[in-house]
Amino acid sequence: MATVRLEHVEKVYEGGHIGVHDMTLDIMDHELIVLVGPSGCGKSTTLRMIAGLEEASSGSIMIDGRVVNDVPPKDRDIAMVFQNYALYPHLTVYENMAFGLRLRKLPKPEIDRMVKTTAEMLGIESLLDRKPKALSGGQRQRVALGRAIVRKPNVFLFDEPLSNLDTQLRVLMRTEISKLHQRLTTTMIYVTHDQTEAMTMGDRIVVMKDGYVLQVDTPLELYHHPRNKFVAGFIGSPAMNFLEGTFHKSGGLEFRDGGGIVLGVPAKHARRLVPHRAKDVILGIRPEDISIGTSRGKAKVRATVEVVEPMGNELYLYFTTREKGAQHVARVDASAKVRVGMVVDLVFDMTKAHFFDRTTEQAL
């Protein structure tokens, strides 16, 4: 199949706005890599530059070792699946899937075999005579996938392909794409703003913000070892909680938020954090690392319950720690006896805490 390499790639628009800043990225053969970030972060622009639909302002784009900056999209041996499916409305499903093969002037029997084999793989063989307007959203998405797969490209590009589907269908289709990747062993580059899609699908994830790459890592590394506050807050649902404060040395190292919260810092963190005790810092803790109960150590916080969201086997507990304070969230067992307005003791598992410099927002 193919490797993809972006080397110091930038995209600068008229007026000087930089869509992508000095991006260097290696995508391995057979890898499914996901570009994720908020709207306007440059992820779709990056994908379109790889496809040849946008011109890179500087830098090199290589597919399988060949620089393709000046190569037309049709000659890059890539296939792209778009958000809006981009099917020809006047053609049947069969004709949509066969279109690219006919442009390549393949023999009719070979086209017929390739289209029907791909349709069977995707479970759309009964739809080949229909036109797009007679299909559901999920069926159209499968046709768009089929049109890409039938060409057997070196690289698949996906630009938010599931964003127009309902929640249940999105879950189904993302598992289908993951299974296709395992079956086809083709290099895939997938763009989404949905961190759940990124975490469940990607071999590695590229987190972007404002045109910059902030971290490239496996899903678990991003979750457990974010390099900065943005990545920590973007990856995970519900999002990580953040409290601003400072470190103090009082027997052991403590985090204090200035509003009465005092949390002991475990030895596993304290040794590396002591040099930062004069700095303003941000403590980050995930909702699942907060529980209702008692603590013998300095990890207990008195909180007022503001909202309770039942989620089946767990509760999302939104709470504040003081009047007019910021709202935070805990994920607790569904059996917890809590109600709105109740004052509870919450225990922070400080062995799972993250700390960031308040000025640079980089992990300490």
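Here the structure is a predicted model, which is why all the values come from computation and not from measurement. (Residues numbered from 1 in each chain as written. Predicted model: local features only at pLDDT ≥ 70, side-chain atom pairs only at ≥ 80, totals over all residues. Heavy atoms only, no water.)

A.B. asks: So, the overall build of the protein: which residues are in play, and what are the values?
C.D. replies: When its secondary structure is counted, the protein shows nine helices and 20 strands. Expressed as a percentage of the 364 residues in the protein, the buried residues total 49%. In the protein, 65% of the contacts between residues at least 6 apart in sequence involve partners at least 24 apart. If you sum the accessible surface of the protein, you get close to 17,600 Å²; carbon and sulfur atoms cover 49% of it. Charge separation in the protein, taken as the distance between the mean sites of 48 positive and 44 negative side-chain charges, equals 3 Å. (Helix = DSSP H or I, 4+ residues; strand = E, 2+ residues; numbered from the N terminus. Buried < 20%, exposed > 50% of the residue type's maximum accessible area, 1.4 Å probe, protein only. Contact = heavy atoms within 4.5 Å. Areas by Shrake-Rupley, 256 points an atom, 1.4 Å probe, with all protein chains shown as cover. Lys, Arg positive; Asp, Glu negative; His and termini not counted. Charge placed at Lys NZ, Arg CZ, Asp CG, Glu CD.)

A.B. asks: Give a description of the sheet that holds strand E4 (residues 58-63) that names residues and reports values.
C.D. replies: Strands in a sheet are paired, the pairing made by backbone hydrogen bonds, and the direction either parallel or antiparallel. The four strands lie next to each other as E2-E1-E4-E5, forming an open sheet whose pairing is antiparallel. Strands with a single pairing partner mark the edges of an open sheet, and in this sheet they are strand E2 (18-27) and strand E5 (66-67). Here two bridges tie E4 to E5, and the two strands are oriented antiparallel to one another. By the bridge assignment for E5, Met62 is matched with Val67. The strands touched by helix H1 (residues 43-51) within the sheet are strand E1 (4-12), E2 and E4, with E1 carrying the most contacts at an inclination of about 115°. (Pairing = 2+ DSSP bridges. Axes fitted to C-alpha atoms, helices over the stretch in contact; angles between N-to-C directions.)

A.B. asks: If you had to explain the nonpolar core to someone new, which residues and values would you point to?
C.D. replies: Within the largest apolar cluster, 47 residues are counted, with the highest numbers of intra-cluster contacts made by Val115 and Leu145. Setting aside residues no more than four positions away along its own chain, Val115 makes contact with Tyr94, Met97, Ala98, Leu101, Leu128 and Val150. If you look at the next biggest cluster of nonpolar residues, it comprises 29 residues, including Val332, Leu346, Met350 and Phe355. (Core = buried A, V, L, I, M, F, W, Y, C linked by side-chain atoms within 4.5 Å.)

Fair warning: the whole summary comes from geometry, so function is off the table for now.
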